[in-house]
Amino acid sequence: MWCATCETLVSNKLFCFGFGYSAQALAAQLRAIPGWRVSGTHRELDADKAGLFVFDDTHPLPTPALDDVTHLLISAPPDANGDPVLRACAAEIIRRSGQFSWIGYLSSTGVYGNRDGGWVDENDAPRPNPGRSTWRASAETDWLALHATHGLPVHVFRLAGIYGPGRNGLVDVLSGAARRIDRPGHVFSRIHVADIAAVLQASMQRPNPGAIYNVCDDEPAESAAVTAYACQLTGVTPPPLIPYALAQAEMSPMARSFYLECRRVRNARIKRELGVNLIYPSYREGLSALWGEMKRQASLSQE
């Protein structure tokens, strides 16, 4: 990026622990800006992932991987034994603390637990249910401790349900995989992956170490309503509503836990402190844009 005061090109390098869906969206935005380089890790490398490092419990990260890195993004999920990045790299990250201007940890709004449909914001203490949400909350605490004890510029981002290209209700409807579960009053928050990238980039421009941000759109909604809107866009007949009492018997433990929690998540802080204007403030704008792009791609493929 350009430094307005010195009129020189400033070199920045983002390193992503876990080069998944959200990290790739951020990388695509940053690579379009002069002066940005991006690298990271992946569990398995192939020709499409050149330039990344293998990293898991059996493949330690080579020390030179963090050379020249100015920004860190951690999207690798924790497990029952804690955060894999901290297990393997905490000492090295602390040793290099002076070179980082921003560290972002991607967590989940699941750390709030069930609120029976009530609203939560970043001032509400986590109440995670046992399992993945508890692991996330513990990892948040461990990363924020690095800020408190070593001055590392750690920021926590609690992401709602993620959707975007290739991963959305339109795909489910068109593939015949969509279902509509009838559980009145059960809502959840979501966020388009492009808005995640925009929030992270805004935080990089306005760092506030120690801050926690909810990353979600403006309208928590029932999943059945989202599916119905996807059907409206595609012209597909909506699948029948299935009473939750009947559907839960066939649900996976993960799906069942999803329907046992209900909360509405506030996003005022990303707007107030980071100046974020959501590209897709609700699922309607997000799905409409995705459908337009899907139709455009289909048209191009037929030419």
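Our subject is the structure that appears above.
Residues numbered from 1 in each chain as written. Predicted model: local features only at pLDDT ≥ 70, side-chain atom pairs only at ≥ 80, totals over all residues. Heavy atoms only, no water.

The next subject is the layout of surface pockets. Over the atoms rolls a probe the size of a water molecule, and its path tells where empty space is left. Considered as a void within the structure, the second largest pocket measures approximately 300 Å³ in volume. Residue classes in the lining of the second largest pocket are distributed as 6 nonpolar, 5 polar and 5 charged. (1 Å grid on protein atoms, 1.4 Å probe; cavity = no way out; pocket = protein on both sides within 12 Å on 5 of 7 lines; lining within 4 Å. Points joined across faces, edges and corners; volume = space filled by probe spheres on them. Nonpolar A, V, L, I, M, F, W, Y, C, P; charged D, E, K, R; others polar.)

For the pair helix 1 (residues 21–31) and helix 5 (residues 193–205), the least separation of the axes is 9 Å and the interaxial angle reads 60°. Our classification of the angle between helix 1 and helix 5 gives oblique. Crossing hand, helix 1 versus helix 5: right-handed. Here helix 1 contributes Tyr-21, Ser-22, Ala-25, Leu-26, Gln-29 and Leu-30 to the contact with helix 5, which in turn contributes Val-193, Ala-194, Ile-196, Ala-197, Ala-198, Leu-200, Gln-201 and Met-204. Taken together, the residues of the contact of helix 1 with helix 5 break down into 11 nonpolar, 3 polar and no charged. (Axes fitted to C-alpha atoms, helices over the stretch in contact; angles between N-to-C directions. Helix = DSSP H or I, 4+ residues; strand = E, 2+ residues; numbered from the N terminus. Parallel < 35°, antiparallel > 145°, perpendicular 65-115°, else oblique. Left-handed = near helix turned anticlockwise from the far one by under 90°. Contact = heavy atoms within 4.5 Å.)

This model, assessed by the stated rule, comprises 11 salt bridges. Residue Glu-92 pairs with Arg-95 through a salt bridge whose shortest N-O separation is 2.7 Å. Pair noted here: Glu-92 and Arg-95 are both in helix 2 (residues 84–95), with a separation of 3 residues, about one helical turn. Several salt bridges converge on common partners, so that one network encompasses Asp-67, Glu-92, Arg-95 and Arg-96. (Salt bridge = Lys/Arg side-chain N within 4 Å of Asp/Glu carboxyl O.)

Here we take up the sheet that holds strand 9 (residues 154–159). Sheet architecture is open: 7 strands sit in the order 5-4-3-6-7-9-13, paired in parallel fashion. The open sheet has two edge strands, strand 5 (53–54) and strand 13 (212–215), and neither has a second partner. Looking at chain direction, strand 3 (residues 12–17) and strand 6 (residues 71–74) are connected through 4 bridges and run parallel. Bridge assignment links Phe-17 to a residue of strand 6, and that residue is Ile-74. Sheet strands touched by helix 5: strand 3, strand 4 (36–42), strand 6, strand 7 (102–108), strand 9 and strand 13. Its angle to strand 9, the strand with the most contacts, is close to 160°. (Pairing = 2+ DSSP bridges.)

Looking at where Gly-18 falls in the secondary structure, it is placed in the loop between strand 3 and helix 1. Other than its neighbours up to four places away in sequence, Gly-18 contacts Ala-23, Thr-41, Ser-75 and Ala-76.

Ranked by internal contacts, the top residues of the largest apolar core, which has 36 residues, are Leu-14, Leu-26, Leu-73, Phe-157 and Leu-200. Those residues in contact with Phe-157 that lie beyond four places of it in its chain are Trp-102, Gly-104, Tyr-105, Leu-106, Ser-107, Ser-108, Val-199, Leu-200, Ser-203, Tyr-213 and Val-215. In terms of nonpolar packing, the next biggest core, distinct from the first, is built from 26 residues, Phe-15, Leu-61, Leu-66 and Ile-103 among them. (Core = buried A, V, L, I, M, F, W, Y, C linked by side-chain atoms within 4.5 Å. Buried < 20%, exposed > 50% of the residue type's maximum accessible area, 1.4 Å probe, protein only.)

Tallying each qualifying case throughout the model produces 1 cavity of 30 Å³ or more. Computed from the structure, the largest cavity encloses a volume of approximately 30 Å³. Considering the residues around the largest cavity, the lining is formed by Ile-181, Arg-183, His-186, Glu-222, Ser-223, Ala-224 and Tyr-259.

Applying the stated criterion to the full structure yields 10 aromatic pairs. The interplanar angle of 65° and the centroid separation of 5.6 Å between the aromatic rings of Phe-17 and Phe-55 together place this pair among those described as edge-to-face. Residue Phe-17 is found in strand 3, and its partner Phe-55 is found in the loop between strand 5 and strand 6; the two are separated by 38 residues along the sequence. What makes Phe-17 buried here is its relative accessible area of 0%. Three or more aromatic residues joined by ring pairs form one cluster here, namely Phe-15, Phe-17, Phe-53 and Phe-55. For the cation-ring pair, Arg-284 lies above Tyr-283, with the distance from its terminal atom to the ring centre recorded as 5.0 Å. (Phe/Tyr/Trp six-rings, centres within 6.5 Å; stacked < 30°, edge-to-face > 60°. Lys NZ or Arg CZ within 6 Å of the ring centre and 35° of its normal.)

Along strand 3, 6 of the 6 residues are buried, which leaves the element largely enclosed by surrounding structure. Burial of the side chains of strand 3 extends over both faces: Asn-12, Leu-14 and Cys-16 are buried on one face and Lys-13, Phe-15 and Phe-17 on the other. Crossover strand 3 to strand 4 through helix 1 is right-handed. (Right-handed = clockwise from strand over helix to strand, strands pointing away.)

Now for the side chain of Ser-189. Inspection of the secondary structure assignment puts Ser-189 in the loop between strand 11 (180–182) and strand 12 (190–192). A distance of 3.5 Å separates a polar side-chain atom of Ser-189 from the backbone nitrogen of Val-265. Those residues within four positions of Ser-189 in sequence are excluded, and the remaining contacts are Ala-160, Gly-161, Cys-216, Pro-220, Arg-263, Arg-264 and Val-265. (Polar contact = N/O pair within 3.5 Å; in protein donor to acceptor, adjacent residues only side chain to side chain.)

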